[in-house]
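Below, each chain spelled out in residue letters.
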Amino acid sequence: MAENIIIRVQSPDGMKKIPSTKRETAAAFLKKVAEEFGFSSNGFSIYLNRNKTGEILSQSKTLSLLKIKHGDMLYLYPSSAGPSSENMDTAQPHTSSSYPSFPSSSSSSSSLSRSHSSPQIPEDEIDQYLSKQEGKIYRNRDPQLCRHGLMGKCVHCVPLEPFDEDYLNHLDPPVKHMSFHAYIRKLTGGADKGKFVALENISCKIKSGCEGHPPWPEGICTKCQPSAITLNRQKYRHVDNIMFENHTIADRFLDFWRKTGNQRMGYLYGRYTEHKDIPLGLRAEVAAIYEPPQIGTQNSLELVEDPKAEAVEEMAAKLGLRKVGWIFTDLLSEDTRIGTVRYTRNKDSYFLSAEECITAGNFQNQQSNACRLSPDGHFGSKFVTVVATGGPDNQVHFEGYQVSNQCMALVRDECLLPCRDAPELGYAKESSTEQYVPDVFYKDTDKFGNDITHLARPLPVEYLIIDITTTFPKDPVFTFSSTFRFPIENRDALGETQDFHSLATYLSQCSSSSSFLGIVSDFHLLLFLVTNEVMPLEDSIGLLLDAVKTANEEFAQTWKKSEQWATIDQLCNTVGGQPSGSMDYAMGGQTLPQSSSAVWSCLHCTFMNQPGTEHCEMCSLPRS
């Protein structure tokens, strides 16, 4: 009887106990496991350790020789969901990655191998790159405090961890939030190397499947009831810096407010890169702003349905860009003679209103951040919010923010509301027969210095906000290098329209010495070529987008010789007159026929137009 043992086998579907003997071979034991779990003989792998090391192979060795004892835990991974340990430890970067390959430190490799329960979702390229960096903060030898040789280290010069709060607080300016990857490095450090780390997303909903009582509102129990939430300052942030490539991007966006006085909103398209000023920091670089259809007034903004949203996303992806955030204006002119604006957002009023926090939380939930340490496969978001508003010097300033993961959860589960008369206050909903809402608290300090817990009805939104530095580089960078300005989309209120008249006018500004790549390297021009209704080039513009992405003039010249560009050139010549000069872009005069008193059909698109018009209302081409 002493030879009989029981081995526990842990799988993604649960744990089972397998009876065996010390003298049983590994092959016979694996056959038992396959029968117990319903696998084929080669449909799974069993390891001695949770991190997929010490694989047990089908061989003639006995369990006692393999040092497997009574009560030991083995770990089973199906072959379809659990490739080899080497492939699982680090995510494979994309083949087009521009980041160099570095050897992983022990802490970073351990942090990436803790995804035994999370879906295998590929992380962003920048996250894979930062996870491989050592991240240590190296210090020089202190001539006064260090008493050792040049090759030695002591407490005064030993490298610091990237999450060292004293170091971050002594930076100029001080850094209140460590980077997200530094936070991960802190969790996965220590003796256990983050063996049990799991970044859990907060849920404010009742857990489904509880059968011990009637559903809400008739019943609820501690198993299905969501926990109460106490709002705390988030120690980390997913993005540490926002940088516009150049001032032109922001100036063109502000032109709408300058000309109309109405507020404006746009989506930021760019890329995520390493921010070297902060250990393991991440930066959002903005290369273009897309302005969706919207209705703006002096004090409000309303977004309307955007039929081009999917086309914009596809075009941006082909250009190597992605949606990294959104920007909106909150500007009130103070003195038009000297161009000053009012300083309205400060510590005495608010930095973001509750309604803006809810909108930012909604956007961040839509653009969640892939994370292998989360059982859900995602955690937080790298989507940022930028506000163009007045600063202390009464000039336009750009302020960057994110909302915390707690705010994202409250917004996702529809637990947070704005206050009607106090924009700086939010309000946690109360439970009703339709929805159970957990209690939300926040802590404050009274006049005696004591911590007091308040119910979040109402709630100061400062508990939900994370500020991010927004900058412009000393040396401007231009992903889109065109020096000419093509009209921005959805600005009909200014009389700026994107049509072939605008394209002909744009091309007529280009001199014969201008390169074709320099002419077409404009985000808004490319978007018009992709989405115009007369001749959309969504399926045939790939080579031109590659040329702009890689700044390759040869690719641009090759696409210029295509039939698509020849047709567009002919349409522009028809609208703008006969071409002149070596570039065939100049505008010329053309005599238009007299208007007719009858309904007429367009020769280009067959649209039936009303009498008295000389240009088609559908395609904007001339009647003749």
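The structure this text deals with has already been given above.
Below you will find a few notes about this structure. (Residues numbered from 1 in each chain as written. Predicted model: local features only at pLDDT ≥ 70, side-chain atom pairs only at ≥ 80, totals over all residues. Heavy atoms only, no water.)

**Considerations on the overall build of the protein chain**
Within the protein chain, the secondary structure is distributed over 16 helices and 28 strands. Here the protein chain holds 624 residues, and the buried ones make up 46% of them. Considering only residue pairs separated by 6 or more positions, the protein chain has 65% of its internal contacts joining residues 24 or more positions apart. Roughly 32,300 Å² of accessible area belongs to the protein chain as shown, and the carbon and sulfur atoms make up 50% of that amount. (Helix = DSSP H or I, 4+ residues; strand = E, 2+ residues; numbered from the N terminus. Buried < 20%, exposed > 50% of the residue type's maximum accessible area, 1.4 Å probe, protein only. Contact = heavy atoms within 4.5 Å. Areas by Shrake-Rupley, 256 points an atom, 1.4 Å probe, with all protein chains shown as cover.)

**Details of the side chain of H275**
Relative to the elements of secondary structure, H275 occurs in strand 10 (residues 265-275). Given a relative accessible area of 5%, H275 falls into the buried group. Not counting the four nearest positions on each side in its chain, H275 is found in contact with D240, N241, G281, L282 and R283.

**Examining helix 6 (residues 180-187)**
For helix 6, the buried fraction is high: six of the eight residues fall into the buried class. Considered for burial, the residues of helix 6 that qualify are F180, H181, A182, Y183, I184 and R185.

**Examining the packing of aromatic side chains**
Counted under the stated rule, the structure contains 22 aromatic pairs. Where F398 meets F472, the ring centres are 5.7 Å apart and the plane angle is 70°; that geometry is what we call edge-to-face. Within this pair, whereas F398 is found in strand 20 (residues 396-403), its partner F472 is found in the loop between strand 26 (465-471) and helix 11 (500-508), the two being separated by 74 residues in sequence. Seen from their ring centres, Y442 and Y463 are 5.0 Å apart, and the 55° between their planes marks the pair as tilted. Taken together, the residues span a long stretch of sequence, with Y442 in strand 23 (residues 440-445) and Y463 in the loop between strand 25 (459-460) and strand 26 at a distance of 21 residues. Among the residues examined, Y442 registers a relative accessible area of 10% and is labelled buried. Each member of the aromatic cluster is reached from another via a ring pair, and the members are Y267, W326, F328, F363 and F383. Lying across the ring of F37, K16 places its NZ or CZ 5.0 Å from the centre. (Phe/Tyr/Trp six-rings, centres within 6.5 Å; stacked < 30°, edge-to-face > 60°. Lys NZ or Arg CZ within 6 Å of the ring centre and 35° of its normal.)

**A few points about the sheet that holds strand 20**
Spatially, the seven strands close up into a barrel ordered 9-11-10-14-19-20-26, and their pairing is mixed. Strand-to-strand twist of the sheet, defined as the mean angle between neighbouring strand axes without regard to direction, takes the value 35°. Pairing geometry for strand 9 (residues 241-244) and strand 26, over three bridges, is parallel. Residue I242 lies in a different strand from strand 26, and its bridge partner there is T470. In this fold helix 7 (residues 247-260) packs onto strand 9, strand 10, strand 11 (281-290), strand 14 (322-330), strand 19 (384-390) and strand 20, with an angle of close to 45° to the strand it touches most, strand 11. (Pairing = 2+ DSSP bridges. Axes fitted to C-alpha atoms, helices over the stretch in contact; angles between N-to-C directions.)

**What about the nonpolar core?**
Ranked by size, the top nonpolar core spans 81 residues in total, and within it L319, F480, L503, F523, L529 and I568 carry the most contacts. In terms of residues, this core owes the most to one element, helix 13 (residues 523-531), which gives seven residues. Once residues within four sequence positions are removed from consideration, I568 is found in contact with F500, L503, L529, M535 and L537. Counting 26 residues, the second largest nonpolar core, distinct from the first, contains I126, I242, A388 and I468. (Core = buried A, V, L, I, M, F, W, Y, C linked by side-chain atoms within 4.5 Å.)

**A look at the sheet that holds strand 1 (residues 4-11)**
Spatial ordering of the open sheet is given by 2-1-5-3-4, a layout of five strands whose pairing is mixed. Either end of the sheet is taken by a strand with one partner, and the two such strands are strand 2 (14-21) and strand 4 (55-56). Here strand 3 (residues 44-47) pairs with strand 5 (residues 73-78) via four bridges, running antiparallel. Following the sheet pairing, F44 is matched in strand 5 by P78. In the packing of helix 1 (residues 26-37) onto the sheet, contacts are made with strand 1, strand 2, strand 3, strand 4 and strand 5, and the angle to strand 2 comes to roughly 140°.

**So, the environment of D467**
Relative to the helices and strands, D467 resides in strand 26. The spacing of D467 and D240 is 227 residues in sequence and 9.0 Å in space, taken between C-alpha atoms. Those residues within four positions of D467 in sequence are excluded, and the remaining contacts are K176, H177, R237, G400 and Y401.

**Considerations on the layout of surface pockets**
In this structure, the largest pocket occupies an estimated 920 Å³ of space. As for the largest pocket, its lining consists of 40 residues, of which K176, R237, D467, I468 and T469 are closest to the centre. Listing elements by their share of the lining of the largest pocket, those giving two or more residues are strand 19, strand 20 and strand 26. Among the elements that take part in the lining of the largest pocket, strand 26 stands out by supplying seven residues, more than any other. Here the lining of the largest pocket is composed, by residue class, of 15 nonpolar, 14 polar and 11 charged. In this structure, the second largest pocket occupies an estimated 760 Å³ of space. Looking at the second largest pocket, it is lined by 27 residues, and the ones nearest its centre are N299, S300, S353, E355 and E356. Within the residue set of the lining of the second largest pocket, elements represented by two or more residues are strand 13 (301-303), strand 14 and helix 9 (354-366). No other element matches helix 9, which puts five residues into the lining of the second largest pocket. In the lining of the second largest pocket, the residues fall into 13 nonpolar, eight polar and six charged. (1 Å grid on protein atoms, 1.4 Å probe; cavity = no way out; pocket = protein on both sides within 12 Å on 5 of 7 lines; lining within 4 Å. Points joined across faces, edges and corners; volume = space filled by probe spheres on them. Nonpolar A, V, L, I, M, F, W, Y, C, P; charged D, E, K, R; others polar.)

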